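Read off the chains here:
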Amino acid sequence: MKKIEWSDFSKYRSALMGAAMLFVMFFHVTMPKSYMMYGVVRCGNIGVDMFLFLSGIGLWYSWTKQPSLKHFFKRRYLRIYPAWLIMALLFYIPNYLNVAGGGYSPNIGHLVANILFNWSFWRIDDLTFWFIPSIMMLYTVAPFYMELIRKHPSYRWLLVAVSIVWAVMVQYYPPVHRSVGHVEIFWSRIPIFLLGINCGQWVKEKRTMEVAAFWGVLLLFILSFMMCIEFENHWRGKFPLFLERMVYIPCSITAMILLCQAFRFAPKWLLSFLTFIGGISLELYLIHVQFVLKYINEYHLGYCLTVVLMIAISIPLAWLLSKAVRLIELRFKDL
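Residues numbered from 1 in each chain as written. Predicted model: local features only at pLDDT ≥ 70, side-chain atom pairs only at ≥ 80, totals over all residues. Heavy atoms only, no water.

### Brief notes about empty space enclosed by the protein
Inspection of the entire model under this criterion finds one cavity of 30 Å³ or more. Reported here for the largest cavity is a volume of approximately 30 Å³. Ile 4, Glu 5, Asp 8, Phe 9, Met 256, Ile 257, Cys 260 and Gln 261 together form the lining of the largest cavity. Secondary-structure elements contributing two or more residues to the lining of the largest cavity are β1 (4-5), α1 (8-11) and α14 (241-263). No other element matches the four residues that α14 contributes to the lining of the largest cavity. Looking at the lining of the largest cavity residue by residue, the class counts come to five nonpolar, one polar and two charged. (1 Å grid on protein atoms, 1.4 Å probe; cavity = no way out; pocket = protein on both sides within 12 Å on 5 of 7 lines; lining within 4 Å. Points joined across faces, edges and corners; volume = space filled by probe spheres on them. Helix = DSSP H or I, 4+ residues; strand = E, 2+ residues; numbered from the N terminus. Nonpolar A, V, L, I, M, F, W, Y, C, P; charged D, E, K, R; others polar.)

Listed below in structure tokens is the structure:
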């Protein structure tokens with residue numbers, strides 16, 4: 001057994017993102033609670049936290065290499081915005097025209113705002129594409145956080161603690177809850193994103209953990225995973241969701257460490273497949289629920305067949321979208 005190497009997060013980044021995307025897709029397909037694997041499948045929600053942690057690592061690499069706001073925002077938004085704009089147009093315009101009262105967009109102003117930055121998420125907690133406005137908001141503040149911790153390293157962990165306490169306040173402190181409690185799903189994911197940025201330095205410096213640490217990592221994963229399964233099987237609806245999302249933090253990080261260990265022995269075809277999925281993960285996220293799963297669900301095919309069809313149909317569509325976005329990126333790369 002080798003030492004745990006933080007650089008594996010960079011080496012296997014795309015494969016980890018591919019695994020995270022598959023976890024999210026499994027999670028989005030409805031499984032009856034009576035099924036034995038119900039709790040395990042519901043834990044696929046940690047894929048979101050894996051994405052945020054890996055995104056934080058990538059941002060630290062980018063910022064320390066070239067600390068330019070123009071370069072940073074150009075790269076980040078050019079990766080997300082073209083794909084988002086295409087799919088937002090395809091979703092929100094028909095929703096406005098075909099749903100009574102305009103659906104998520106009660107008037108033209110709301111429609112334009114939804115297309116531009118998914119305003120209905122911030123307004124009424126529209127979770128249709130919630131990850132997109134959330135990650136764009138995190139990208140907006142990330143350079144200022146990274147510059148702060150670069151100049152004052154002591155803030156690196158202090159602000160993680162602040163973000164955790166804030167998540168508690170969003171749930172339980174009445175003035176805060178009334179104001180921003182409806183987007184709790186955003187606030188409770190900030191800690192894992194900041195941790196990703198913080199750990200980016202460890203990845204960049206290629207730090208390691210001794211071999212014996214593996215058993216501690218494994219124990220932490222087992223305990224947190226067991227707790228997440230317990231939440232899903234027996235406590236869903238009886239506790240504030242941010243509590244489980246706090247458990248997602250150790251669960252997702254340790255899961256990625258263990259996956260990196262497993263990837264060292266994985267066949268090349270599997271790594272290639274996961275890397276490919278990771279490369280089109282944004283496009284898969286935008287497509288797989290509202291443009292594929294929504295229609296497959298009408299046939300009530302059962303969990304396994306629904307998953308297979310959803311993945312088989314979503315992948316080529318996501319690949320085509322990624323190619324279209326690539327053409328847009330090439331058009332604007334010299335601006």
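### A few points about the environment of Val 170
Relative to the elements of secondary structure, Val 170 occurs in helix α9 (residues 155-172). Of the residues examined, Val 170 reaches a relative accessible area of 1% and is grouped as buried. Separated by eleven residues in the primary sequence, Val 170 and Leu 159 have C-alpha atoms spaced 16 Å apart. The contacts of Val 170, once residues within four sequence positions are left out, are Val 176, His 177, Val 180, Gly 181, Glu 184 and Trp 187. (Buried < 20%, exposed > 50% of the residue type's maximum accessible area, 1.4 Å probe, protein only. Contact = heavy atoms within 4.5 Å.)

### Topic: the pattern of salt bridges
The final tally for this structure, using the stated rule, is ten salt bridges. A salt bridge links Glu 232 to Arg 42, with the shortest nitrogen-to-oxygen separation between them at 3.3 Å. Linking Glu 232 in helix α13 (residues 213-235) with Arg 42 in helix α3 (residues 38-42), this pair joins segments that are 190 residues apart in sequence. The class of Glu 232 is buried, set by a relative accessible area of 0%. Residue Arg 42 is classed as partly exposed on the basis of its relative accessible area of 22%. (Salt bridge = Lys/Arg side-chain N within 4 Å of Asp/Glu carboxyl O.)

### Focus: the nonpolar core
Counting residues in each nonpolar core, the largest one holds 108 residues, and the members touching the most others are Phe 9, Phe 53, Ile 132, Ile 135, Met 146, Phe 193 and Leu 286. Among the elements that make up this core, the one with the highest residue count is α14 (13 residues). Residues within four places of Leu 286 in sequence aside, it is in contact with Ala 83, Trp 84, Met 87, Phe 129, Ile 132 and Phe 291. (Core = buried A, V, L, I, M, F, W, Y, C linked by side-chain atoms within 4.5 Å.)

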